[in-house]
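Coordinate analysis (summary)
Each chain is listed here by its residues.
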Amino acid sequence: MLKKRNATKKKAGPRLLHVKGKRLVRVIEVEPACSSMNEGDVFLVLPTDPKRILVWLGPGANRMEKSKAVELVETMKHLERKGAEATTVSRGPPSDEFLSHLSGGVGDIKGEDASQNDIEYEREVDAGTKLYELDDDELELIDTQKLERRLLATTTCYVLEVSNEMYVWCGKKSKLPARSLAMQKAKALWAAAGKPEWASGPVKVTEDGEPLLFKQKFAEWPSEATMGTGSVGFQLKKRQKSVSRGLRDSVKAGGAASAASSGVVKRDSKRMSRTKSFRRSIRRSVKKGELEHVVDPVRLHTGVRPEQVMVDDGSGVVEGWRVKGGKLVEDADVPRGHFWDSECYVVLYRYEKKSGAYRYLIYFWAGAHCNRQDRGLAALLTKEVAAIVKGRGGDWDQHKSEQWKESDQFLVMFKGRMVIHQGRKDSKAQKKDSAMYHIHGRDDLHTRAVQTAPDASALNSRDIFVVNQGKHAWVWKGKGSSMLLQEMAEGFVQSITEHLGAKDTVAVNEGEEDKKLWKALGGQKEYACEPSLCKPNMKVRLFHCGSVIGRFNAEEVHDFSQSSLDSSDVFILDTMTDVYVWCGKKSKENDRNQAMELATQYVEKAFDGRLQNTPVWTVEDGEEPLMFACHFHAWQGPTSTAAPKRGGVQEKAALKDTYTFEELTAKDKPKGLDGTKLEVRFCIPLAQPAMGPHFMLISIFSPFHVACSSGG
């Protein structure tokens, strides 16, 4: 007789996530208790109800932590907690709902001074992070300075330990016995480490199905479709694996002996890097047509913006110089975050290291419309600023920066208050009667105010605009502008109106405009005001599509702008309610067709709650409609009021909107008809004279079924 197994599965409860860091923000699961919290960081509660996400922003939390929390919530709402509703408390103590999921009370939350130094915390987490590879039935510790996606080979299993979390990652090509053995080894490590009872234990993760918290442990988790299952990605990993095994024999005996007590072999991750010769061989293989590549639309949906390493939170000192007459002229507007798009600048940033010593960053920033001569001069004149730093006895790092392509470290220096004016600073054209600034951004770090032509057609319901005429200024707020953007706009408005000398500022909500405002904008005109722009937490994404040596690929463009659009290629713009395929004037016909097909598959494979019949539109270069251009910050150039062309596979297959009953019931169906997606309604009159004319509404699907309704 078999004995009943006396084992019970631990019931899943609410989870508490700690968001902390300055250069590379960490997201770590901690004990779901108020005693785990402090007022200097950000915390998220994930209740057992998958439709809820609770966020508390500590009063002392820095900008990077808040931005990370926003990114986490938005990603969760589209992936693991699809359609969830998020509640954020940014002022005061956590809400009662937040506290109800934790043990203890609000009095157990520590003060801001109890929060560990962010840099020390990052180093402590990094020191406790361990990545093991299962090889020859044993776990080998990989010595790595930072976790990267390239370290995970699809033929192998890995164990990742971070604080009180442990994951067992299984590649798609790994064998079932290896997966079971990896889990056994992970459980043994877990037991030996003496993890707390609230921790959930080792979690199994499969390739391409990684949860968000797992991805957050990596410094880089690319969104390209070339990783994983693609033949190129697999062969790269396979070659990488064989190379690493060959190098393993060269590990020093002393290093192996030091780890012998733990049963883990230590090796260097630097030896696993892909060689240049192998990359060249891949290119040759692709050129010969030996390797095929198909973009996976699911991977485009799951991409995450790569983290950027920052030296501090922008609390240092900023100095700036502008190129004028072949020389550097100190510019007092630079520390305030004011730049001109036809100028070049050299920016010096001083920050304090943990040792107390000062270090410097030198940036060469070029506006989008500066001339080539000024660019070259600015690059050369950075030597003068370097000489200044050298005279102060400091060390420096030098970086190049361009408008629309600023790094997070550059933006944080101006506390999210960067203003970009049109033209040259000393130009007479700066003293115009009217001026308009477009305030747009996805969070408090990546928000800018950019001057654009004062025209009513440039407005859109999603953003905020500052319109100035003489001593008067209007702050126009779109119906769909978020609370965060409205809070950010307050600082921009003060900075812009002070610069322009406006004395009277009036806030105007969309739909409440007066004649004076329309006159300042050249008269009332049609602008982007579709209801979709008013949807909260609207996430817009851009994908760059094109062919390299005959290989079609698609990659997401993070923090995109109008300058991201290349007339030689094709781009896909996803606004959740619409998908646009933008075709450059010089793009190849084959790229256009493949991008259109990819866009259709992208909609079909979506799992973010959007409508399955989300339209796919074709947009030609130079004929961009208002609803397309409004998603680009301070769009320059003409826009079209005409509706874009309907695209997608349906158009290419010449699929009609309606069919006759005879066409649908005929033996030979119409060309291009997709029966799996068919939904056609038509009316058949019923002969019932006594009751008046009635109709039977028939809806045909696949498989077929009939729904009837009657009416006059």
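Model, not experiment: these values are computed from the prediction.

For the rest of this paragraph, the subject is the overall build of the protein. Along the protein, the regular secondary structure elements total 17 helices and 31 strands. When the 712 residues of the protein are sorted by exposure, 48% land in the buried category. Expressed as a percentage of contacts within the protein between residues at least 6 apart in sequence, the contacts between residues at least 24 apart total 66%. Summed over its atoms, the accessible surface of the protein is roughly 35800 Å², and 51% of this surface lies on carbon and sulfur atoms.

As a rule of thumb, nonpolar side chains are buried together in soluble globular proteins. Core analysis: the largest hydrophobic core is formed by 60 residues, its most contacted members being Leu-44, Phe-214, Phe-339, Val-347 and Phe-410. The greatest single-element share of this core, amounting to five residues, is contributed by helix α1 (residues 63-78). Once residues lying within four places of it in the same chain are set aside, the contact partners of Phe-214 are Leu-152, Leu-160, Tyr-167, Trp-169, Val-205 and Trp-221. Listed in part, the 21 residues of the second largest apolar core include Leu-533, Val-540, Cys-630 and Phe-632.

To continue, consider the sheet that holds strand β24 (residues 541-548). With respect to topology, six strands assemble into an open sheet ordered β25-β24-β26-β27-β28-β29, the strand pairing being mixed. Both outer strands of the open sheet, β25 (551-557) and β29 (645-646), are each paired with one neighbouring strand and no more. Direction of pairing for strand β27 (residues 579-583) relative to strand β28 (residues 616-620): parallel, over a ladder of five bridges. Note that in β28 the partner of Val-579 across the bridge is Val-616. In this fold helix α14 (residues 589-604) packs onto β24, β25, β26 (570-574), β27 and β28, with an angle of close to 20° to the strand it touches most, β26.

For the rest of this paragraph, the subject is the sheet that holds strand β3 (residues 42-46). Spatially, the five strands line up as an open sheet ordered β2-β1-β3-β4-β5, and their pairing is mixed. Since the sheet does not close on itself, it has two edges, and those belong to β2 (26-30) and β5 (85-89), each with one partner. Across the sheet, the mean angle separating the axes of adjacent strands is 20° when strand polarity is ignored. Relative to β2, strand β1 (residues 15-20) is paired through five bridges, and the arrangement is antiparallel.

A few words now on the state of the cysteines. Scanning the entire structure with this criterion turns up zero disulfides. Not part of a disulfide, Cys-534 finds its nearest cysteine sulfur in Cys-529, a span of 8.6 Å.

Relative to the helices and strands, Glu-210 resides in the loop between β10 (203-206) and α5 (212-215). Within the structure, the side chain of Glu-210 is placed 2.9 Å from the side chain of Trp-169, a separation counted as a polar contact. Within the structure, Glu-210 has its side chain in polar contact with the backbone nitrogen of Asp-208 (distance 3.1 Å). If near-sequence neighbours (up to four positions away) are discounted, Glu-210 is found in contact with Trp-169, Val-205, Lys-215 and Trp-221.

We now examine the environment of Asp-96. Relative to the helices and strands, Asp-96 resides in helix α2 (residues 96-100). Residues Asp-96 and Val-106, ten residues apart in the sequence, show an inter-C-alpha distance of 9.3 Å.

Turning to the pattern of salt bridges, a few remarks are in order. Scanning all chains against the criterion turns up 41 salt bridges. When the shortest N-O distance is used, the salt bridge between Lys-195 and Glu-161 registers 2.9 Å. Taken together, the positions of Lys-195 in the loop between α4 (176-193) and β10 and Glu-161 in strand β8 (residues 157-162) put the pair 34 residues apart, joining distant regions of the chain. The class of Glu-161 is buried, set by a relative accessible area of 9%. Where salt bridges share partners, they join Arg-322, Lys-324, Asp-331, Asp-333, Arg-336, Glu-343, Asp-374, Arg-424, Lys-425 and Asp-426 into one cluster.

Another aspect to go through is the packing of aromatic side chains. Aromatic rings considered in pairs are described by the distance between their centres and by the relative angle of their planes. Under the defined criterion, the tally for this structure stands at 21 aromatic pairs. For the pair Tyr-363 and Phe-410, a centre-to-centre distance of 5.1 Å together with 80° between the ring planes defines the contact as edge-to-face. Within this pair, whereas Tyr-363 is found in strand β16 (residues 358-366), its partner Phe-410 is found in helix α11 (residues 408-412), the two being separated by 47 residues in sequence. Looking at Tyr-363, the relative accessible area reads 3%, which means it is buried. Among the residues examined, Phe-410 registers a relative accessible area of 0% and is labelled buried. Seen from their ring centres, Phe-571 and Trp-582 are 5.9 Å apart, and the 65° between their planes marks the pair as edge-to-face. With Phe-571 in strand β26 and Trp-582 in strand β27, this residue pair connects regions lying eleven residues apart in the sequence. On the basis of relative accessible area, Phe-571 is assigned to the buried category, the value being 1%. In textbook terms, an aromatic cluster arises when at least three aromatic residues are bridged by ring pairs, as seen for Phe-339, Tyr-345, Tyr-363, Trp-365, Phe-410 and Phe-414. Across the ring face of Trp-190, the terminal group of Lys-195 is positioned such that the distance to the ring centre comes to 5.9 Å. A cation sits over an aromatic face here: Arg-417 above Phe-492, 5.7 Å from the ring centre.

For β28, a buried count of four out of five residues is recorded, marking the element as mostly surrounded by other parts of the structure. Taking the sense of rotation as the criterion, the β-α-β connection linking β27, α14 and β28 turns out right-handed. Pairing of β28 with β29, which is carried by two bridges, proceeds in the antiparallel orientation. Bridging from a neighbouring strand, Trp-617 pairs with Arg-646 of β29.

Confidence along the protein averages 80 in pLDDT terms, with 78% of residues attaining 70 or more. Low pLDDT, under 50, characterises residues 1-9; the stretch is placed with zero contacts to residues that sit more than four places away or in other chains. When the criterion is pLDDT under 50, residues 224-292 qualifies, and its contacts beyond four places in sequence or with other chains add up to 105 contacts.

In this section: the environment of Val-27. Take Val-27: it is sitting in strand β2. Relative accessible area serves as the criterion here: at 1%, Val-27 is assigned to the buried category. Spatially, the C-alpha atom of Val-27 lies 9.6 Å from that of Val-42, the residues being 15 residues apart in sequence. Setting aside chain neighbours within four positions, we find Val-27 in contact with Leu-17, His-18, Val-19, Lys-68, Leu-72, Glu-165, Leu-213, Gln-216 and Lys-217.

Moving on to unusual backbone geometry. Its identity as a non-glycine residue notwithstanding, Asp-559 has a phi of 55°, on the positive side. Within the fold, Asp-559 resides in the loop between β25 and β26. With relative accessibility at 33%, the residue Asp-559 sits in the partly exposed group.

Here helix α12 (residues 483-500) spans 25 Å end to end across 18 residues, near enough to the 26 Å set by a 1.5 Å rise per residue. Within α12, the axis deviates most sharply at Ala-489, by approximately 25°. All of the buried residues in α12 are Leu-485, Met-488, Ala-489, Gly-491, Phe-492, Val-493, Ser-495, Ile-496 and Thr-497. Looking one or two residues past α12, Gly-501 carries a phi angle of roughly 80°, positive in sign.

An ideal rise of 1.5 Å per residue puts 26 Å on 18 residues; α4 measures up with 26 Å between its terminal C-alpha atoms. On its buried face, α4 sits against β6 (130-135), β8, β9 (165-170) and β10. Following α4 by one or two positions, Gly-194 adopts a phi angle in the positive range, close to 65°.

Parameters and conventions
The numbering scheme is per chain: residues are counted from 1 as the chain's sequence reads. Local features in this predicted model are restricted to residues of pLDDT 70 or higher, and side-chain atom pairs are both shown and tallied only at a pLDDT of 80 or more, whereas totals for entire chains, interfaces and linings draw on every residue. By convention in this description, side-chain values take in all heavy atoms of the structure and omit both hydrogens and water. Numbering of helices and strands runs from the N terminus; a helix is a DSSP stretch of H or I covering at least four residues, while a strand is a stretch of E covering at least two. Note on exposure labels: buried denotes an accessible area under 20% of the residue type's maximum, exposed denotes more than 50%, and partly exposed covers the range between, all computed with a 1.4 Å probe on protein chains only. Any two residues having at least one pair of non-hydrogen atoms within 4.5 Å are treated as being in contact. Areas reported here follow the Shrake-Rupley algorithm with a probe of radius 1.4 Å; residue values treat only the protein chains shown as occluding. What is meant by a nonpolar core is a set of buried Ala, Val, Leu, Ile, Met, Phe, Trp, Tyr and Cys residues, joined one to another through side-chain atoms within 4.5 Å. Any two strands with at least two DSSP-identified bridges between them are counted as paired. What counts as an axis is a line fitted to C-alpha atoms, over the stretch in contact for a helix, and the angles between N-to-C directions run from 0 to 180 degrees. In this description, a disulfide is simply a cysteine sulfur pair whose atoms lie within 2.5 Å. For the purposes of these results, a polar contact is taken to be a pair of N or O atoms within 3.5 Å, where, inside protein, one atom must be able to donate a hydrogen and its partner to accept one; residues adjacent in sequence count only when each atom of the pair is a side-chain atom. Each reported salt bridge corresponds to a side-chain nitrogen of Lys or Arg within 4 Å of a carboxyl oxygen of Asp or Glu. Stacked, edge-to-face and tilted labels apply to pairs of Phe, Tyr and Trp rings (six-membered ring for Trp) whose centres lie within 6.5 Å, assigned for plane angles under 30 degrees, over 60, and everything in between, in that order. Counting as a charge over the ring demands two things of the Lys NZ or Arg CZ atom: a distance within 6 Å of the ring centre and an angle within 35 degrees of the ring normal. When the strands point away from the viewer, a crossover counts as right-handed if the path from the first strand over the helix to the second runs clockwise. As a per-residue measure, pLDDT reflects the predictor's confidence and takes values from 0 up to 100. Helix span is expected to be 1.5 Å times the residue number reduced by one. What is called the bend at a residue is the angle between a pair of axes, fitted to the seven residues leading up to and ending at it and to the seven starting from it.

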